[in-house]
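# Fold and contact review
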Amino acid sequence: MKMLTSMPHHHHHHHLPQNLGLFGFSPLKSSSFSLFLRPFSLYPIFASSSPPPSRRRPPPRTAGYRRSDPSHPRRKWSSFEEQNRKGRPPMERDKASTSFNPSSDSFEFNKRRAAGLDKIDKPKKNLKRNTRTLNPTNTIAYVQILGTGMDTQDTSPSVLLFFDKQRFIFNAGEGLQRFCTEHKIKLSKVDHIFLSRVCSETAGGLPGLLLTLAGIGEEGLSVNVWGPSDLKYLVDAMRSFIPRAAMVHTRSFGPSLNTSDSTPQIGSSKPTDPYVLVDDEVVKISAILLEPSRLEESGSKTGETSVVYVCELPEIKGKFDPKKAMALGLRAGPKYSYLQSGQSVKSDFKDITVHPSNVMGPSVPGPVVLLVDCPTESHAEELLSNPSTKSYYSCPDNSTDGAKLVNCIIHLSPASVTNSSTYQSWMKRFHSAQHILAGHETKNMEFPILRASSRITARLNYLCPQFFPAPGIWSSQHVNNSIESTSMSKCFDSNLGESISAENLLKFTLRPYGNLGVDRSCIPSRLTSLRVMDELLSEIPEINSKTEEIKRLWNGLHNKMMIEEPWLGESTVPSCLENIRRDDMEIVLLGTGSSQPSKYRNVTAIYIDLFSRGSILLDCGEGTLGQLKRRYGLEGADEAVRNLRCIWISHIHADHHTGLARILARRRELLKGVAHEPAIVVGPRPLKNFLDAYQRLEDLDMEFLDCRNTTTTSWASVETTSPDKIIKSGNAEGSLFSKGSLMQSIYKRPSSPLTDNSSALPFLKRLKKVLGEMGLEDLISFPVVHCPQAFGVVVKAAERKNITGDEIPGWKMVYSGDTRPCPEMVEASKGATVLIHEATFEDALVDEAVAKNHSTTKEAINVGSLAGVYRTVLTHFSQRYPKIPVIDESHMHNTCIAFDMMSINMADLHVLPKILPYFKTLFRNQVVEEEDEETDDESLISDKVPSFFIN
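First, a word on scope: everything that follows refers to the structure included in this document. (Residues numbered from 1 in each chain as written. Predicted model: local features only at pLDDT ≥ 70, side-chain atom pairs only at ≥ 80, totals over all residues. Heavy atoms only, no water.)

## Some details on the pairing of strand β15 (residues 434-437)
The two faces of the sheet receive side chains in turn, since in a regular strand these alternate between them. Rule in force here: Type-normalised accessible area, obtained with a 1.4 Å probe on protein chains alone, sets the label of each residue: buried when under 20%, exposed when over 50%, and partly exposed for intermediate values. By the criteria applied, helices consist of DSSP H or I runs no shorter than four residues and strands consist of E runs no shorter than two, each listed in order from the N terminus. Pairing between strands is defined by DSSP: at least two bridges between them are needed.
Across the two faces of β15 the burial is the same, with Gln434 and Ile436 and His435 and Leu437 all buried. Bridge analysis of strand β14 (residues 408-411) against β15 gives four bridges, and the strand direction is parallel. Across the sheet, residue His411 finds its bridge partner in β15, namely Leu437. As paired elements, β15 and strand β17 (residues 498-501) share four bridges and run parallel to each other. In the strand pairing of β17, His435 is matched with Ser499.

## Overview of the packing of aromatic side chains
The condition is simple: Pairing of aromatic side chains here covers Phe, Tyr and the six-membered ring of Trp, requires ring centres within 6.5 Å, and sorts the geometry by plane angle: under 30 degrees stacked, over 60 edge-to-face, intermediate tilted.
One pass over the structure, following the stated rule, counts 23 aromatic pairs. When the ring of Phe168 is compared with that of Phe194, the centres are 6.1 Å apart and the planes differ by 35 degrees; the resulting orientation is tilted. Taken as a pair, Phe168 in strand β3 (residues 167-170) and Phe194 in strand β4 (residues 192-194) lie far apart in primary sequence, 26 residues in all. Among the residues examined, Phe194 registers a relative accessible area of 0% and is labelled buried. Cluster of aromatic residues (ring-pair linked, three or more members): Phe163, Phe168, Phe170, Phe194, Trp226, Phe253, Tyr275 and Tyr309.

## Regarding the layout of surface pockets
Spelled out, the test is: Space inside and on the surface of the protein is sampled on a 1 Å grid over the protein atoms alone, with a cavity defined as a set of points where a 1.4 Å probe fits but cannot get out and a pocket as an open set with protein on both sides within 12 Å along at least 5 of 7 lines; lining residues have an atom within 4 Å of a point. Grid points are joined across faces, edges and corners, and a volume is the space filled by probe spheres set on the points. Residues are grouped as follows: nonpolar covers Ala, Val, Leu, Ile, Met, Phe, Trp, Tyr, Cys and Pro; charged covers Asp, Glu, Lys and Arg; every other residue, Gly included, is treated as polar.
One number sums up the size of the largest pocket: a volume of about 990 Å³. Every residue lining the largest pocket is counted, 40 residues in all, and those nearest its centre are Arg197, Glu201, Pro375, Arg668 and Glu669. Sorting the residues of the lining of the largest pocket by element identifies α6 (200-203), α13 (415-418), α20 (624-642) and α22 (660-670) as the ones contributing at least two each. Looking at which element gives the most residues to the lining of the largest pocket, the answer is α22, with five residues. For the lining of the largest pocket, the class distribution of residues is 11 nonpolar, 12 polar and 17 charged.

## Section: the side chain of Asp818
Rule in force here: Asp and Glu are treated as the negative residues and Lys and Arg as the positive ones, with His and the ends of the chain left uncounted. One speaks of a salt bridge when a side-chain nitrogen belonging to Lys or Arg is within 4 Å of a carboxyl oxygen belonging to Asp or Glu. Counting of polar contacts relies on pairs of N or O atoms within 3.5 Å, with two restrictions inside protein: one atom must be capable of donating a hydrogen and the other of accepting it, and residues adjacent in sequence are counted only when both atoms are side-chain atoms.
Inspection of the secondary structure puts Asp818 in the loop between β30 (812-815) and α28 (823-829). Among buried Asp, Glu, Lys and Arg side chains, Asp818 stands out as unpaired, with Arg113 the closest opposite charge at 6.8 Å. Within the structure, Asp818 has its side chain in polar contact with the side chain of His656 (distance 3.0 Å). Of note is the side chain of Asp818, whose polar atom sits 3.2 Å from the side chain of His876.

## So, α22
Within α22, 10 of the 11 residues are buried, which leaves it mostly tucked inside the rest of the structure. Taken together, the buried positions of α22 are Leu660, Ala661, Arg662, Ile663, Leu664, Ala665, Arg666, Arg667, Arg668 and Leu670.

## Describing the packing of helix α15 (residues 451-463) against helix α18 (residues 529-539)
Applicable threshold: To get an axis, fit a line to the C-alpha atoms, keeping to the stretch in contact for a helix; angles then go from 0 to 180 degrees between the N-to-C directions. Orientation is classified from the angle alone, with under 35 degrees giving roughly parallel, over 145 giving roughly antiparallel, 65 to 115 giving roughly perpendicular, and any other angle giving oblique. Here is the rule for handedness: rotate from the far helix to the near one, and if that takes an anticlockwise turn smaller than a right angle the crossing is left-handed, while a clockwise turn gives right-handed. Residue contacts are counted whenever heavy atoms from the two residues lie within 4.5 Å of one another.
Across the interface, α15 lies against α18 with an axial gap of 10 Å and an inter-helix angle of 65 degrees. It follows from the interaxial angle that α15 and α18 lie roughly perpendicular. As α15 packs across α18, the resulting crossing turns out to be right-handed. When α15 is examined against α18, the residues Arg451, Arg455, Ala458, Arg459 and Tyr462 are found in contact with a partner set consisting of Arg531, Val532, Met533, Glu535, Leu536, Leu537 and Glu539.

## As for the state of the cysteines
Just so we agree on the cut-off: When two cysteine sulfur atoms are found within 2.5 Å, that pair is recorded as a disulfide.
Evaluated as defined, the whole model comprises zero disulfides. Summary of cysteine pairing: Cys311 is not part of a disulfide, and the nearest cysteine sulfur, belonging to Cys408, is at 9.7 Å. For Cys311, a relative accessible area of 0% corresponds to the buried category.

## Brief notes about the packing of helix α8 (residues 231-239) against helix α23 (residues 685-695)
Angle between the axes and distance between the axes: these two values describe a pair of packed helices. α23 packs onto α8 with a crossing angle of 175 degrees between their chain directions and a minimal axis gap of 8 Å. One element, α8, and the other, α23, form an angle in the roughly antiparallel class. Note on element contacts: α23 touches α8 through Phe690, Ala693 and Tyr694, opposite Tyr233, Leu234, Asp236, Ala237 and Met238.

## Digging into the pattern of salt bridges
Throughout the structure, instances matching the rule amount to 39 salt bridges. In this structure, Arg531 and Glu535 form a salt bridge, with 3.9 Å as the shortest nitrogen-oxygen distance. Separated by four residues within a single helix, Arg531 and Glu535 lie in helix α18, roughly one turn from each other. Relative accessible area serves as the criterion here: at 31%, Arg531 is assigned to the partly exposed category.

## What to know about the sheet that holds strand β21 (residues 605-609)
Taken together, the seven strands give an open sheet; going across it, the order is β25-β24-β23-β22-β21-β20-β34, and neighbouring strands pair in mixed fashion. Where the open sheet ends on each side, the last strands, each with one partner, are β25 (702-706) and β34 (902-905). Taken pair by pair, the neighbouring strands of this sheet meet at an average axis angle of 20 degrees, ignoring direction. Where strand β20 (residues 586-591) lies against β21, five bridges are found, and the strand directions are antiparallel. Note that in β21 the partner of Gly591 across the bridge is Ala605. Relative to strand β23 (residues 644-648), α22 is tilted by about 165 degrees, and along the sheet it contacts β22 (615-620), β23, β24 (679-683) and β25.

## Overview of α15
In an α-helix, one turn spans 3.6 residues, which is why side chains three or four residues apart end up on the same side. This is how the line gets drawn: The span you would expect from a helix comes to 1.5 Å times its residue count less one.
Taking 1.5 Å of rise per residue, the 13 residues of α15 would be expected to cover 18 Å, and the 18 Å separating its terminal C-alpha atoms lies within 8% of that figure. Along α15, 11 of the 13 residues are buried, which leaves the element largely enclosed by surrounding structure. Buried residues of α15: Arg451, Ala452, Ser453, Ser454, Ile456, Thr457, Ala458, Arg459, Leu460, Asn461 and Leu463, and no others.

## Quick word on unusual backbone geometry
Between Arg511 and Pro512 the backbone carries a cis peptide bond, its omega angle lying at -10 degrees. One can find Pro512 in the loop between β18 (507-511) and β19 (517-519). Here Gln789, not a glycine, exhibits a phi torsion of approximately 55 degrees, which is positive. Looking at the secondary structure, you find Gln789 in the loop between β26 (776-783) and β27 (791-797). The backbone of Met901 sits at a positive phi, close to 75 degrees, despite the residue not being glycine. Inspection of the secondary structure puts Met901 in the loop between β33 (895-897) and β34. Residue classification places Met901 among the buried residues on the basis of a relative accessible area of 7%.

## Describing the sheet that holds β26
If you walk across this open sheet you meet the six strands as β26-β27-β30-β31-β32-β33, and the pairing is mixed. The open sheet is flanked by β26 and β33, the only strands paired with a single partner. Neighbouring strand axes in the sheet, compared pairwise and without regard to direction, differ in orientation by 15 degrees on average. Across three bridges, strand β32 (residues 871-875) lies against β33 in parallel orientation. Looking across to β33, one finds that Thr872 is bridged to Thr895. Across the sheet, helix α31 (residues 912-922) touches β32 and β33, and the angle it forms with β33 is around 45 degrees.

Here it is in structure tokens:
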């Protein structure tokens, strides 16, 4: 999901269609456009029309260090900047490219992109659907479990149906892309995606997947997405942030929703017949709908229909026997092929008609696979009584009687349903089928599915358990080991087909027919924490002593907190941290990568844990729920989700908000029947369009508040206290957004004036109350420079009294969202206790940072030091730095870099920068290891893959 960084010049304009609806944004008319054309003496702004330098792969380098790279091409400046630069002394010119001076407000950014106009520059993409030449004699075919979410149970597992030239995927839960990247499964080859239900559990990974596919290669790829009629609601919701081109082919089936439906619907002759969705020489896929048999509710609610998918492969014709043909008086020639194609022919030498059955061996029936998703027992009752599945039952005496033999049934249903007697009696009707239980069985829980990232988390935990607590998923391991021996043996019941638990990448082979059956060869070896440690110690033996060093350092710094680091000019820790308790506040970085998930870093999400007082999420990329489960374990994560009071979203790029629906849906499930308040979601206006549309699919139990209603000015108008407060805060919005300024014209459009707070008032008051209950004084959004309606946020704790009764100021935490360094950012960060700032690019790539309105490492640190921040944490690293970004340690004395699952307790902030040098040891072998892994040309996160995702 990142915009291209290495395209050759001639096509760098293809990434985005013209569709501005993407950000709920109408093109600016020429009248308002004139605001942009005032000369900006203070803004050396990059013209985005100059093409980005094509990026070569940087030379391999030792971990975390960069040799100065003089060969890096500088971007050409347009003539306006050219004159600007000539007028400056050379010294200053170089400085300007890496930093900015907040007093003169001179900083560089891509104006068209900040205004959302960069999309107009791109020709509209019209993604054609993949059509492939089919091969009916298909040599290889299998179904395979792609275990998304199995270890964390946060999503429904996906199933891949594979043929030589066609791929089908059933269900696309969150994390599917990340899983496939790690296991080198090429999603670019998928033609169809089928949903067994339409909800966040089965479809959370869809938006990200569509965006990635739409960005692959010059043309982009498109897939068919199929689902029951509620698919329409999901499509409507996704349209709010996915360009239309990526959304072309969505097909729903089933009883039509009584609306003027733009989505093509597949009808069915009789309501009881299965809906045939795909029928070609390779496979026939049909759908049987299950509506839960609910008596108490009239009419089924959306989001409750589930689907049984039937996949039937064509029969394999028997072999032609030339001996028999000769015996029946046939000359070798064209008649042989007529017979093979099923036609009868006249004999050449005998007065008889030769039928194909006379010369062909017996044909073998094509294998049949069923995928069943029964979310509740009432769906199971429906399954039992549904006439459509009857033709697939096998009779006990094996006289199949025209019934098609089902070879394999994959059960996506939860264990609570598959164990019910209703469901069991349905299973018993298939005698020869291999049952694969892929619902959330205990057994699927024991081993991490994203091995690469869990390996890194475990290593970090070994090095520094203080900032990297043991992953919640692994802490339950020893409990389950006892059951393992029994659960491994197959449960074989004489009158029931064989039943096994699904495992990650387990296959069931369908062709060649001789190999029909379960294939375990691809199942990855079990990764245990013990094994990870053995690997680590043999690879980096000195890590042991480093761990001891950190322990000593830790205890030392904790014991004598007051005589800290005189060499930093810090004689003391800030007063807000004086005697701070460990249950005051902890920052958990759940995702620290940009654009799209990679093997090692998930996309952005920061969990602010206020312990007994509740918690807040800042941004919520895809897979956030899974990350919470990896960090806290299953029960712990549910507790964390229950305690969420507020979710704040910085801007509408999918890597910052696509995990939202899943988290909110889970919170609603957990709080069912418990008295509670809806979650407050604070985000940019376009996010509301998505949430409103999505709520028609499943209730998210939330209230929405526009970020613009939570700026300093807006808060002041609520309090309407002394007039001086308003004047002061009006100025605090920063010159960048002052009346008539460049950015103001972008933010303030007639549709939503900044001043109108009246409708938001009740929500603002509730937010104020919730913040108060959480011991917080303020949550303030402020505009930043990235794309239209992009924000950063300040969270301030209320004052507290210390032992002697003196008032101690509360801490202040600032998060940048995605942004260029800008005066707003410095202003908001003044005196912050901790600043979490994006640092997408290394220092050498400043041109690219400007073109995309991101920051480099040095720029982010610079914002922190200009604002006098106590600690700066860098995050949102480009996925081109797989494990550790390129950093220059010389200017990082109060800075640390973030990793997924890192947990920073306020009480430990003073130790934070001391840990940085140790990461170097841990990742010293990184480059070599990465080089051979990245040779895969279609790796989804290679630099070559552009995408609609603009970081």
